[in-house]
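# Reading the structure
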Amino acid sequence: MPPHKQRMSERFTGSFTQQEPIPEVGIEAALAVLRHGRLHRYNLAGDEAGEVALLEQEFADFVGAKYCLAVASGGYAIATALRAIGVGPGDVVLSNAFTLAPVPGAITSLGAKPVFVGVTEALTIDLDDLESRAGQAGVLLLSHMRGHICDMDRLMEICDRAGIVVIEDCAHTMGASWNGVASGRHGVMAAYSCQTYKHMNAGEGGFLVTDDAELAAKAIMLSGSYMLYDRHRAAPAPEVFERIKYDVPNISGRMDNLRAAILRPQLAALAGQVTRWNARYRVLEDGLRDTPGLQVIERPVAEHFVGSSIQFLLPDWPSDKIKDVLQRCANRGVELKWFGAPEPAGFTSKYDQWRYAEVHMMPASDRVLAGILDMRVPLTFSLEDCALIARIIRAEVSMVFQSQA
Ligand SMILES: Cc1ncc(COP(=O)(O)O)c(C=O)c1O
């Protein structure tokens, strides 16, 4: 078969939703928890620290934060951060137009109002748009959506000047950094997710980190520590809790020892996993680069990202042609998601589909969103798988692009 025909007949048979198994040491640790039966984080024998408290200490060390709280989900971590800084009903919170539903959802869960800030072709928050909205809100919930980190130095300059408190949503940047600063260490608090499709897999779970003692104490009390806060390790001193303990409601969302047990070995292995993700990302990126009609997202040198997913743009393509690409790729086993789809589907939705929020239309962002295609890169894919997937996308995009010309 001539090479171009061979390229058009290749098919990918792997699964885009299959993560790697939990490391054996994690399984052993989980079995130990199941065998002793003390799953609740405060159910401790003698001077036992407990898996959750140890994990919090290890995660705080990993990102270089003073305090860390492990919780039930990333979305819970975000809402808890917003509550801890005092966001309440009617408050406006700025956030990204390009993100996923749990982000505006966390804002809305407090009765607060999300106001969306645009997205650039780099898939990061539009800093000019942010600057123009600086007077509208006292808080920015910054989502590093799909792991794309904006110029954090400029963002912090804008927010510091305007007195905007920054909370970072690092659901896609656990293990990433900007100019050597770990993602999540620019804002006053940061939230991470350990849901199955993220960089560590506990099924569900999340973290909050901060250097602010009072915010940490509030978050711990909010998460449902009752008066057992002295069982924490990555936590402020008891006198900080003494000051706030009568005023902070219990809104339970703790992590349990079982999940923490499977997360601890994953955290120890995370840096190595990031290297493996990025090797896959670069193979995909190299394979897609210079495809006619397709724009790869150039990553800034200051950004150390985690390539657990990849995005590219089909800028200004008509929707029916993008649908054609999606279908053709799907026929060959390659699952792409589209942020320009008219209806929310699966995990993917966009700002004007979150009708509980007051939406102002953003034509420049709409143009970008309409062209974003998105793909998961699970570590179960080999480098050869990634090369094959890139060949399939390249061939199908080229085919549809040529048919437009
Ligand atoms: C950008 C973003 N932020 C926050 C979350 C919330 O994480 P969780 O699913 O752990 O609540 C997600 C989850 O998909 C996400 O993609």
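Values in this document were obtained by computation on a predicted structure and should not be read as measured data.

### Details of the side chain of His172
Positionally, His172 belongs in the loop between β5 (165-169) and β6 (177-178). A polar contact is formed between the side chain of His172 and the backbone nitrogen of Arg146, at a distance of 2.7 Å. In contact with His172, not counting residues within four places along its chain, are His144, Met145, Arg146, Gly147, Lys198 and His199.

### Points about the site of the ligand
Every one of the 16 residues lining the ligand counts as a neighbour, but Gly74, Gly75, Asp169, His172 and Ser193 are closest to it. At 3.2 Å from an oxygen atom of the ligand is found a side-chain nitrogen or oxygen belonging to Gln195. Take Lys198: an N or O atom from its side chain is 2.8 Å from an oxygen atom of the ligand. When the free accessible area of the ligand is taken as 390 Å², the share hidden by the protein chains comes to 91%. Elements with a minimum of two residues in the shell around the ligand: α4 (74-84) and α5 (102-109).

### Here's the deal with the environment of Arg254
Here Arg254 shows up in the loop between α9 (238-244) and α10 (257-288). By relative accessible area, Arg254 is classed as partly exposed at 23%. Placed 83 residues apart in sequence, Arg254 and Ala171 show a C-alpha to C-alpha distance of 18 Å. Filtering out sequence-adjacent residues up to four positions away, Arg254 remains in contact with His40, Arg41, Tyr42, Ala70, Val71, Ala72, Ser223, Gly224 and Tyr226. Here Gly224 takes part through its backbone oxygen, which lies 2.8 Å from a polar atom of the side chain of Arg254. Side chain to side chain, Arg254 and Ser252 meet in a polar contact 3.4 Å long.

Reading guide: rules and limits
- Chains are numbered independently. Their residues run from 1 in the order of the written sequence.
- Given that the model is predicted, a residue must reach a pLDDT of at least 70 before its local features are reported, and side-chain atom pairs must reach 80 or more before they are shown or counted; all residues, however, enter totals for whole chains, interfaces and linings.
- To obtain the side-chain values, all non-hydrogen atoms of the structure were used and water was disregarded.
- In this description a helix means any DSSP run of H or I spanning at least four residues, a strand means any run of E spanning at least two, and both kinds are numbered starting from the N terminus.
- Any pair of nitrogen or oxygen atoms within 3.5 Å is treated as a polar contact; in protein, a donor-acceptor pairing is required on top of that, and neighbouring residues in sequence qualify only through side-chain atoms on both sides.
- A contact between two residues is defined here by any heavy atoms of the two lying within 4.5 Å.
- Proximity is defined per residue: if any heavy atom of the residue lies within 4 Å of a molecule or strand, that residue is considered near it.
- All accessibility values rest on the Shrake-Rupley procedure with a 1.4 Å probe; residue burial counts only the protein chains present in the view.
- Categorising residues by exposure relies on relative accessible area from a 1.4 Å probe, with only protein chains included: less than 20% of the type maximum marks a residue as buried, more than 50% marks it as exposed, and the intermediate range marks it as partly exposed.

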